[in-house]
Amino acid sequence: MTTKWGVLGSGGIARRRTIPEGIVAAENAELVAVYDVNKQANAEVAEEFGAAACGSEAELLATECDAVYMATPANVHCAQVCAAADAGKHVLCEKPLGMTVAEGETMAAACAVKGVKLGCGLMMRFHAQHQAALEIVRSGKLGTPVLARAQLSCWYPPMEGAWRQDPASGGGGSIMDMGGHCIDLLEMLFGRVRQVMCLTGNLVQEYASEDTGVVLLEFENGAKGIVDNLFNVPDESSKNRLELYGSQGSILAEGTIGQGELGTMEAYLRKTPQGYEAQQARADGTGIVIAPEPLNMYRAEIEAFSKAVQDDTEPPVNAEIGLWSQRVLAACYESARTGQAVALDQEKP
Ligand SMILES: NC(=O)c1ccc[n+]([C@@H]2O[C@H](COP(=O)([O-])OP(=O)(O)OC[C@H]3O[C@@H](n4cnc5c(N)ncnc54)[C@H](O)[C@@H]3O)[C@@H](O)[C@H]2O)c1
C-alpha cells in the first residue's frame, strides 16, 4: 500500500533531499504532483521524478494526493497548512511549524478540525545513531543525565531573496533554523526543557536575522544543556557535535547532526559506580563505537508518516512535537530580548 504525496515548494530541500531520498525511495510512498512558485524548477522536478507539474497551490490540493509535504519558506507554512487541511490532505510540514506559536496553534487546530494528520519535519530524530543513543540513555547505562550539548553551524552569507536572513520571513535566524533541530534532538534524548537562557548576535553577516545563537537549557529532570548555532563560520570548521554526559559516562558524536546519515559516535560507560580517584586517570578511556546500520532520515521520515496515514495512527513526529518546538524557540527569543531566563509552561501541549 502506498501513500500518494504532493509537494508544495518543490525547488529547495524537497528537490535536494526529501523527494529523491524520501518520497521516491520509500517503500510505502509515491510522488504524484509538485508545485513551486518557481515554474522552471517545478517543471524540472516534475520531469525528473515523474510527477504532475501543477500550476498553482489550489491545483496541487485538488489532485488525488493523500498527503502534502510542505517545504516552502516559514512565512507561508500557516496559510498553506490550513489550505491543505481544508482540502482534506494530511500534511508533513517542514520545521518550523509557521513563524510563531500562534501560527503553530492555528495549523494544529486546522488539521485537528478537519481530521487530518499534521507532522513536523524534525527528521534528525530518525538518525540511527541518535536512536542508538536514546536506547543507551533509556537503559540507564548513562546513569543520571547531567549535560547535553548540540551544535549545528555553517557559513551562510547574505544572498538576494534568502528568506531566513530576515526574521519577517524566517521567524528568526540561526536559532530558528538550526537550533530548532538541536533542541528537539536533545529533548528526545533528555526529556522536555523547562527553562532557557539565550544570547543572540550579528557578528559577521550583514542581515537582520541573528548569525550567532547560544542557548542554555534546563531539562525537566534537572539536567543542563547547551545549543550553539552559527551562520558565520566556515562549514568545515563546525563538527556539529552531540555530547551527552551522565553519572556513568558519556556519548560523544561528530557529524550525526545535519542532513547526512553518517557521523561518528562513541560511548564511554562505566559498568559500576566509580569511587573518587585523585589522579583522575583517563588513559584507559577507550570508547565503544556506536555504529548501527545507517538509515536515511528523509526516507525514514516519509515512511513513518505514510504508515501513520495508512494505519490511521499518530505520526511519530507530530503536531505536538512541532508546536512544542515553537514554544521553546519563542522562549529563546524572549530570553535573548529580555536578558532573563524564560520558563516553559509544562501544562501546554
Ligand atoms: N529538515 C531539513 O533537513 C531541512 C533542510 C532545509 C530546509 N528545511 C525547511 O524546509 C523549508 C524550505 O526550506 P528550503 O531550504 O528548501 O528553502 P528554499 O528557499 O531553498 O526553497 C523553498 C522553495 O519554495 C518555493 N516557494 C516559495 N514560496 C512558495 C509558495 N508560496 N508556494 C510554493 N512554493 C513556494 C521557492 O521557490 C523554493 O523553490 C523551510 O521550512 C526550512 O526550514 C528543512
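In this report, we go over the structure that sits alongside the text. Counting of residues starts from 1 at the beginning of each chain's written sequence and follows it residue by residue. At least 70 in pLDDT is required for a residue's local features to be given in this predicted model, at least 80 for side-chain atom pairs to be given and counted, and no such filter applies to totals for whole chains, interfaces and linings, which use all residues.

1. A word on the pairing of strand S4 (residues 67-70)
- Three classes are used. A residue is buried when 20 or more other C-beta atoms lie within 10 Å of its own, exposed when 12 or fewer do, and partly exposed in between, with C-beta atoms placed from the backbone. Numbering goes from the N terminus for both helices and strands, where a helix is a DSSP run of H or I of at least four residues and a strand is a run of E of at least two. The two faces of S4 match: Ala 67 and Tyr 69 on one face and Val 68 and Met 70 on the other face are all buried.
- Strand pairing is assigned whenever DSSP detects at least two bridges linking the two strands. Here four bridges tie strand S1 (residues 3-8) to S4, and the two strands are oriented parallel to one another. Residue pairing for S4: Gly 6 is matched across the bridge by Val 68.
- Note: S4 against strand S5 (residues 90-93), four bridges, orientation parallel. In the strand pairing of S5, Tyr 69 is matched with Leu 92.
- Think of it like this: strands point away, you trace from the first strand over the helix to the second, and a clockwise trace means the crossover is right-handed. In this fold, S4 hands off to helix H4 (residues 74-86), which returns the chain to S5; that crossover is right-handed.

2. Section: the site of the ligand
- In this analysis, residues qualify as near a molecule or strand once their C-beta atom, positioned from backbone atoms, comes within 6 Å of it. Taken together, 23 residues are adjacent to the ligand, and Gly 9, Gly 11, Gly 12, Ile 13 and Glu 94 come closest.
- Any residue that is not Ala, Val, Leu, Ile, Met, Phe, Trp, Tyr, Cys, Pro, Asp, Glu, Lys or Arg is counted as polar, Gly included; the first ten are nonpolar and the last four charged. Split by residue class, the shell around the ligand holds 11 nonpolar, seven polar and five charged.
- Domain assignment of the residues forming the shell around the ligand places at least three in each of domain 1 (3-123 + 298-316) and domain 2 (131-296 + 328-343). Note: domain ranges come from an automatic or database domain assignment.

3. Section: the nonpolar core
- For the purposes of this analysis, a nonpolar core is taken to be any set of buried Ala, Val, Leu, Ile, Met, Phe, Trp, Tyr and Cys residues that are connected through C-beta atoms within 7 Å. Judged by nonpolar contacts, the single largest core of 97 residues is most densely connected at Val 81, Val 91, Leu 186 and Cys 332.
- With 11 residues, the single largest contributor to this core is helix H10 (residues 319-338).
- No fewer than three residues from each of domain 1 (3-123 + 298-316) and domain 2 (131-296 + 328-343) sit in this core.
- A pair of residues counts as a contact when their C-beta atoms, built from backbone coordinates, are within 7 Å of each other. Ignoring any residue separated from it by four or fewer positions in sequence, one finds Cys 332 in contact with Ile 175, Gly 179, Val 196, Cys 198 and Val 215.

4. Comments concerning the packing of helix H8 (residues 174-190) against H10
- Working convention: axes come from line fits to C-alpha atoms, limited for helices to the stretch in contact. Angles between N-to-C directions cover 0 to 180 degrees. The N-to-C vectors of H8 and H10 enclose an angle of 120°; their axes lie 10 Å apart at closest approach. Judged on the interaxial angle alone, H10 and H8 are oblique. Helix-helix and strand crossings are classified by hand; for H8 and H10 the assignment is right-handed. Between H8, through Ile 175, Met 176, Gly 179, Gly 180, Ile 183 and Asp 184, and H10, the contact on the second element is made entirely by Ser 325, Val 328, Leu 329 and Cys 332. Should an angle fall under 35 degrees it is called roughly parallel, over 145 degrees roughly antiparallel, and 65 to 115 degrees roughly perpendicular, with every other angle called oblique. Crossings are assigned a handedness: left-handed for a near helix turned anticlockwise from the far helix by less than a right angle, right-handed for a clockwise turn.

5. Some thoughts on the sheet that holds strand S13 (residues 264-269)
- Strand order in this open sheet of nine strands is S14-S13-S12-S11-S7-S10-S9-S8-S15, and the pairing throughout is mixed. Among the strands making up the open sheet, the edge pair consists of strand S14 (288-289) and strand S15 (342-343).
- Relative to S14, S13 runs antiparallel, the two being bridged by two bridges. Of the residues in S14, the one forming a bridge with Glu 266 is Val 289.

6. Focus: the environment of Asp 235
- By secondary structure assignment, the location of Asp 235 is in the loop between strand S10 (224-230) and strand S11 (241-246).
- Not counting residues up to four positions away in its chain, the partners in contact with Asp 235 are Cys 154 and Trp 155.

7. With respect to the sheet that holds S4
- Across the sheet, six strands lie side by side as S3-S2-S1-S4-S5-S6; this open sheet has parallel pairing. For this open sheet the edge positions go to strand S3 (52-53) and strand S6 (118-120), each flanked by a neighbour on one side alone.

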